[in-house]
Amino acid sequence: MASANSSPVLVLTGVPGAGKSTIAAHLSSLFGYSWLNIDYFRELKLSTDQIAERIRLENQKNPVIFECTGASYDFERILQRLKSLNCATFVVALRISREGAIKRLSQRTNNHQPKSGETWAEVLDWTLMRLSLVPADLDIPVEGELLETTAKRVNRYWEEAGLSSPSKNQIFELTQATSFTQLRKWHICGREFKFKYIENTLPTDELPLAVIIGTSIHQSLSWLFADEARSCSAFLDKFERCIDQPGITVDKSELLKTREMLEKFFDLEYRHSKTKTLRVDGAAELYLGDSFSLKGRYDRLSINPSGELEITEYKLRKPKSNLLPSIPSLIQPAAYAVSVMKEQSVERIFASIYFMEQQEKIRVLLDRDRAHSVLLAVLRWIQLLQSRGFRAQPGPNCSRCAYRSICEFSVASRSDTS
Ligand code: SF4
């Protein structure tokens, strides 16, 4: 007879080729878990509520693995419905590069092609864009890993998620206005967040050069976009004035590399831009409920020749794929875009993120329905951070941490702390 089960539902997400089905099949044959697939529910034409109800009922009897890319716009609604049914979830994102996924898909023997009639490359581009709006409890890089090894890791973390719940004093109550900066800090390391926002500890270490360069670039970009007719040399001078601070010495080759990157940015992005800047460094507030909101400042609000608005965030470079946990990169500009959408009473708005080093832009068009998915994603991200508590997450991030010399978990090298 089936017994009641209290495990969270394991939600396996990732692009086609990431190994979701193989991992789900492996775990379900090893441990007898129920394996449910979103495509099956779609064939039955079930509504969001019906999908959630089916999952909940099955999970009461037996631990469920729910396999879906995570890219559909009703994904957040399914998870929210499960939550309202008191059915917890544990979202695992299987991360693989576009090239790695294409290689795996081309090795499939049954010449499986996307149902939509698109190419795999097109499907992957769209899915990767959509997944950059989806927070996960756990990211697992699968590139070059044996699927059995990944399956074991997934199973171990899933079991741990079923056992752990943060103690009361680990839960940070969000105040009326929380900022994205706070959430990002919390996401990267709960201990650093606690040092800064709970214990109010003053920074003990100097900011690393990369942070100083990043801030100077942001200041010069605000200056650049404030006028449509700046020259490249004036832009580079502005950057050098921003970075010229007492006690800061920037290595010549680093300075040269950054100048080259800014020159390219000027030529490729600024000079040929067909959009008109409406605001730089604008304030945004996203209301998440009666009691609290999320505040922040977006880099740029622009309008294209068809009259559509766009919020753009500029980042120095793409986060390294081995730097975990990754923050869904579009979530911040998308949240700002939803706030501006409401403020300006428009039906559609673009949200984008531009990685300067790679000269790469990820962009999503939000309508009212998709804006609601963004709100749910932000709320789920916050709940996910709350459930994690203030756990230290030592890693490459320690070398950029302002508390690295006093933190007992730091793995920053000696040269970083001296
Ligand atoms: S040194 Fe590392 S583990 Fe410690 S607070 Fe900073 S980022 Fe977290």
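Quick notes on the rules
- Residues numbered from 1 in each chain as written.
- Predicted model: local features only at pLDDT ≥ 70, side-chain atom pairs only at ≥ 80, totals over all residues.
- Helix = DSSP H or I, 4+ residues; strand = E, 2+ residues; numbered from the N terminus.
- Buried ≥ 20, exposed ≤ 12 C-beta atoms within 10 Å, placed from the backbone.
- Contact = placed C-beta atoms within 7 Å.
- Pairing = 2+ DSSP bridges.
- Domains from an automatic or database assignment.
- Nonpolar A, V, L, I, M, F, W, Y, C, P; charged D, E, K, R; others polar.
- Axes fitted to C-alpha atoms, helices over the stretch in contact; angles between N-to-C directions.
- Parallel < 35°, antiparallel > 145°, perpendicular 65-115°, else oblique.
- Left-handed = near helix turned anticlockwise from the far one by under 90°.
- Core = buried A, V, L, I, M, F, W, Y, C linked by C-beta atoms within 7 Å.
- Near = placed C-beta within 6 Å.

Undergrad: Mind laying out the environment of Leu366, listing which residues take part and the relevant values?
TA: Considering the arrangement of structural elements, one finds Leu366 in strand S11 (residues 360–366). With 24 C-beta atoms counted inside 10 Å, the residue Leu366 sits in the buried group. Remark: the alpha-carbon pair of Leu366 and Gly162, spanning 204 residues in sequence, is separated by 35 Å. Those residues within four positions of Leu366 in sequence are excluded, and the remaining contacts are Ala334, Ala337, Val338, Met341, Arg348, Ile349, Ala351, Ala371 and Val374.

Undergrad: Describe the pairing of strand S8 (residues 293–303), with residues and values.
TA: Judged from the 10 bridges that link them, strand S7 (residues 276–287) and S8 form a sheet pairing that is antiparallel. Counted as the bridge partner of Glu285 is Lys295 from S8. Between S7 and S8, which pair antiparallel one after the other, the connecting turn spans five residues. Taken together, the four bridges between S8 and strand S9 (residues 309–315) define a ladder with antiparallel strand orientation. Looking at S9, one finds that Ile303 is bridged to Leu309. Counting the residues between successive antiparallel strands, the hairpin from S8 to S9 contains five residues, one of them, Gly307, with a positive phi of roughly 85 degrees.

Undergrad: Pulling in residues and values, what's your account of the domain arrangement of the protein?
TA: Looking at the assigned domains, one finds that the protein contains domain 1 (9–164) and domain 2 (168–418). The C-alpha-based centres of domain 1 and domain 2 are spaced at 28 Å. Each partner contributes to the interface: domain 1 provides 15 residues, whereas domain 2 provides 21 residues. Listing elements by their share of the side of domain 1 that touches domain 2, those giving two or more residues are helix H4 (75–84) and strand S5 (138–141). Here the side of domain 1 that touches domain 2 gets four residues from one element, more than from any other, and that element is H4. By residue class, the composition of the side of domain 1 that touches domain 2 is seven nonpolar, three polar and five charged.

Undergrad: Could you give an account of the sheet that holds S5, with specific residues and numbers?
TA: A sheet is described by the order of its strands in space; here five strands give the open sequence S2-S3-S1-S4-S5, paired in parallel fashion. A single partner strand is all that each edge strand has here, and the edge strands are strand S2 (34–37) and S5. Neighbour to neighbour, the strand axes of the sheet diverge by 25 degrees on average, direction disregarded. Here S2 runs beside strand S3 (residues 64–67); their pairing, made up of four bridges, is parallel. Paired with Leu36 across the bridge in S3 is Phe66. Along the sheet face, helix H3 (residues 48–61) touches strand S1 (9–13), S2 and S3 and points at about 150 degrees away from the line of S3.

Undergrad: Which residues make up the packing of H4 against helix H14 (residues 368–388), and what are the values?
TA: As a packed pair, H4 and H14 sit with axes 9 Å apart at the nearest point and diverge in direction by 50 degrees. When the interaxial angle is binned, H4 and H14 end up oblique. For the element pair H4 and H14, the recorded crossing hand is left-handed. Contacts between H4 and H14 involve Glu76, Arg77, Leu79 and Gln80 from the first element and Ser373, Leu376, Ala377 and Arg380 from the second. Along the lines of polarity and charge, the residues of the contact of H4 with H14 split into three nonpolar, two polar and three charged.

Undergrad: Break down the nonpolar core for me, citing the residues and quoting the values.
TA: Val92 and Ala334 are the most contacted members of the largest nonpolar core, which has 95 residues in total. A total of eight residues in this core trace back to one element, the largest contributor, which is helix H13 (residues 331–344). Taken domain by domain, the makeup of this core includes at least three residues from each of domain 1 (9–164) and domain 2 (168–418). Excluding residues within four positions of it along the chain, Val92 makes contact with Leu10, Val11, Leu12, Thr13, Ala136, Asp137, Leu138, Ile140 and Val154.

Undergrad: Give me the lowdown on H4, citing residues and values where you can.
TA: Within H4, seven of the 10 residues are buried, leaving the element largely enclosed by the surrounding structure. Of all the residues in H4, the buried ones are Phe75, Glu76, Ile78, Leu79, Gln80, Arg81 and Leu82. Buried residues in H4 make contact with S1, H3, strand S4 (89–95) and H14. Backbone geometry just downstream of H4 places Asn86 in the positive-phi region, at approximately 60 degrees.

Undergrad: Which residues make up the site of the ligand, and what are the values?
TA: If you check the shell around the ligand, you find 13 residues, and the closest are Cys189, Cys398, Cys401, Cys407 and Ser410. Classifying every residue of the shell around the ligand gives eight nonpolar, two polar and three charged.

Undergrad: Could you give me a rundown of the packing of helix H8 (residues 180–188) against helix H9 (residues 190–198), with the residues and numbers involved?
TA: Contact geometry of H8 with H9 gives a least axis separation of 5 Å together with a crossing angle of 135 degrees. Classified by the interaxial angle, the pair formed by H8 and H9 is oblique. Between H8 and H9, the residues in contact are Gln182, Lys185, Trp186 and Ile188 and Gly190, Glu192, Phe193, Lys196 and Tyr197, respectively.

Undergrad: Can you break down the environment of Ala136 residue by residue, with the values?
TA: When you line up the elements, Ala136 lands in the loop between helix H6 (120–131) and S5. A sequence separation of 164 residues divides Ala136 from Arg300, and the C-alpha atoms of the two residues are 27 Å apart. Once you skip the residues sitting within four places of it in the chain, Ala136 turns out to touch Thr13, Val91, Val92 and Ala93.

Undergrad: Which residues make up unusual backbone geometry, and what values go with them?
TA: Although it is not a glycine, Lys45 sits at a positive phi angle of roughly 55 degrees. Its location among the elements puts Lys45 in the loop between helix H2 (38–43) and H3. Residues other than glycine seldom take positive phi values, yet Ser345 does so here, at roughly 50 degrees. You can see Ser345 is positioned in the loop between H13 and strand S10 (349–355). Overall, Ser345 belongs to the exposed group, with 6 C-beta atoms counted inside 10 Å.

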